[in-house]
Amino acid sequence: MRDPKRVAILISGRGSNMRALVEHAKIYEVALVASNKPSAAGLEWARAQGLPTWSLDSKAEGKEAFDRKMSQALDDHQVGTVALAGFMRILSPWFVDEWRGRILNIHPSLLPLYRGLDTHARALEAGDSISGCSVHIVTEELDAGEVLGRAEVPIEAGDTPASLEQRVLAAEHALYPQVLSEFVQR
Ligand code: GRF
């Protein structure tokens, strides 16, 4: 049975958002941390917390074959909500349909601005005075699903993509657990 309050967090890298989600898990429970990169640093941290983990090298699998195996792992853990947190892989239409309306992502821009990669460089390039992050529902179109919450941060004189990334990341860590907690109750 899929229980909305049982959350799987999907990561590909360091997993700082995963960590924030785990540390603020009160309304929801982190039922699984899954990755398409068995060497992802965040997996080690999750294991050290005693959290269940699952990983499979997506390079060795066809896109949909990987997604079907991951979906089975989510069901094995009675997951009902999927939180992408730096999951650097585009999900197959099959997976998006199978979990429709139940997949969230955090994106480092004020959507609908700057979908895709290099958001901080693009915000600086445009001369914006505000940036931020957004949590949205995942659909087949990249970074285009319903926005559930946003947090703004100022862009300061002398900011580089790296300094802006750090400021936005701190906002991500506060926003994502809050939006996820609200989402699993709706
Ligand atoms: C974050 O910037 C997030 O917005 C984006 O990928 C990055 C993941 O970082 N989707 P982390 O692995 O959570 O530290």
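*Asks:* Break down the environment of Val-179 for me, with residues and values.
*Replies:* With respect to the helices, strands and loops of the structure, Val-179 is situated in helix H6 (residues 161-183). The buried category is assigned to Val-179, whose relative accessible area is 4%. In this structure Val-179 touches Val-135, Leu-148 and Gly-149, once residues within four positions along its chain are discounted.

*Asks:* Provide a residue-level description of the site of the ligand, including the pertinent values.
*Replies:* As a structural note, the neighbourhood of the ligand is formed by Arg-14, Gly-15, Ser-16, Asn-17, Gly-86, Ile-106, His-107, Pro-108 and Glu-172. Within the side chain of Ser-16, a nitrogen or oxygen atom sits 2.5 Å from an oxygen atom of the ligand. Glu-172 has a polar side-chain atom sitting 2.8 Å from an oxygen atom of the ligand. Contact with the protein chains hides 87% of the accessible area of the ligand, taken as 360 Å² for the molecule alone.

*Asks:* Outline the pairing of strand E6 (residues 130-137), supporting the account with residue identities and numerical values.
*Replies:* The buried fraction of E6 amounts to 7 of the 8 residues, a majority that puts the element mostly inside the structure. Inspection of the sheet shows strand E5 (residues 103-107) paired to E6 by 4 bridges, in the antiparallel sense. For Ile-106, the partnering residue across the bridge sits in E6 and is Val-135. Relative to strand E7 (residues 147-154), E6 runs antiparallel, the two being bridged by 7 bridges. The residue bridging Ser-134 from the neighbouring strand is Arg-150, located in E7.

*Asks:* Describe in detail the nonpolar core, supporting the description with residues and values.
*Replies:* With 35 residues, the main nonpolar core has Ile-9, Ile-11, Met-18, Val-33 and Tyr-176 as its most contacted residues. Counting residues per element, the ones that place at least two in this core are strand E1 (3-11), helix H1 (16-23), strand E2 (29-35), helix H2 (41-48), E5, E6, E7 and H6. Excluding anything up to four places from it in sequence, Val-33 contacts Ile-9, Ile-11, Met-18, Leu-43, Ala-46, Leu-51, Pro-52, Thr-53 and Trp-54. Judged by nonpolar contacts, the second largest core, of 20 residues, contains Val-79, Leu-84, Val-96 and Val-138.

*Asks:* Tell me about the environment of Phe-183, residues and numbers included.
*Replies:* Its place among the elements puts Phe-183 in helix H6. In sequence terms Phe-183 and Leu-148 are 35 residues apart; their C-alpha atoms lie 8.2 Å from each other. Not counting residues within four places of it along the chain, the set of residues in contact with Phe-183 comprises Thr-81, Gly-101, Arg-102, Leu-104, Ile-137 and Leu-148.

*Asks:* Any details on the packing of aromatic side chains? Residues and values, ideally.
*Replies:* Scanning all chains against the criterion turns up 2 aromatic pairs. With 6.2 Å between their ring centres and 25° between their planes, Phe-95 and Trp-99 make a pair best called stacked. With respect to burial, Phe-95 and Trp-99 carry one shared label: buried. Here Arg-2 stacks its cationic end above the ring of Trp-99, 3.6 Å away from the centre of that ring.

*Asks:* How would you sum up the packing of H1 against H2? Please name residues and give values.
*Replies:* The geometry of H1 relative to H2 is characterised by a closest axis approach of 9 Å and an angle of 20° between their N-to-C directions. Relative to H2, the element H1 lies roughly parallel. Two packed elements cross with a definite hand, and for H1 against H2 that hand is right-handed. From H1, Met-18, Arg-19, Val-22 and Glu-23 reach across to H2, where they touch Gly-42, Trp-45 and Ala-46.

*Asks:* Now, about the sheet that holds strand E3 (residues 53-55): what can you tell me, with residues and values included?
*Replies:* One open sheet holds the 7 strands; their spatial order is E3-E2-E1-E4-E5-E6-E7, and the pairing between them is mixed. Looking at strand neighbours, the two that pair on one side only are E3 and E7, the edges of this open sheet. The sheet shows a mean angle of 20° between the axes of neighbouring strands, taken without regard to direction. Relative to E3, E2 runs parallel, the two being bridged by 3 bridges. Of the residues in E3, the one forming a bridge with Ser-35 is Ser-55.

Procedures and definitions
- Residues numbered from 1 in each chain as written.
- Predicted model: local features only at pLDDT ≥ 70, side-chain atom pairs only at ≥ 80, totals over all residues.
- Heavy atoms only, no water.
- Helix = DSSP H or I, 4+ residues; strand = E, 2+ residues; numbered from the N terminus.
- Buried < 20%, exposed > 50% of the residue type's maximum accessible area, 1.4 Å probe, protein only.
- Contact = heavy atoms within 4.5 Å.
- Near = heavy atom within 4 Å.
- Polar contact = N/O pair within 3.5 Å; in protein donor to acceptor, adjacent residues only side chain to side chain.
- Areas by Shrake-Rupley, 256 points an atom, 1.4 Å probe, with all protein chains shown as cover.
- Pairing = 2+ DSSP bridges.
- Core = buried A, V, L, I, M, F, W, Y, C linked by side-chain atoms within 4.5 Å.
- Phe/Tyr/Trp six-rings, centres within 6.5 Å; stacked < 30°, edge-to-face > 60°.
- Lys NZ or Arg CZ within 6 Å of the ring centre and 35° of its normal.
- Axes fitted to C-alpha atoms, helices over the stretch in contact; angles between N-to-C directions.
- Parallel < 35°, antiparallel > 145°, perpendicular 65-115°, else oblique.
- Left-handed = near helix turned anticlockwise from the far one by under 90°.

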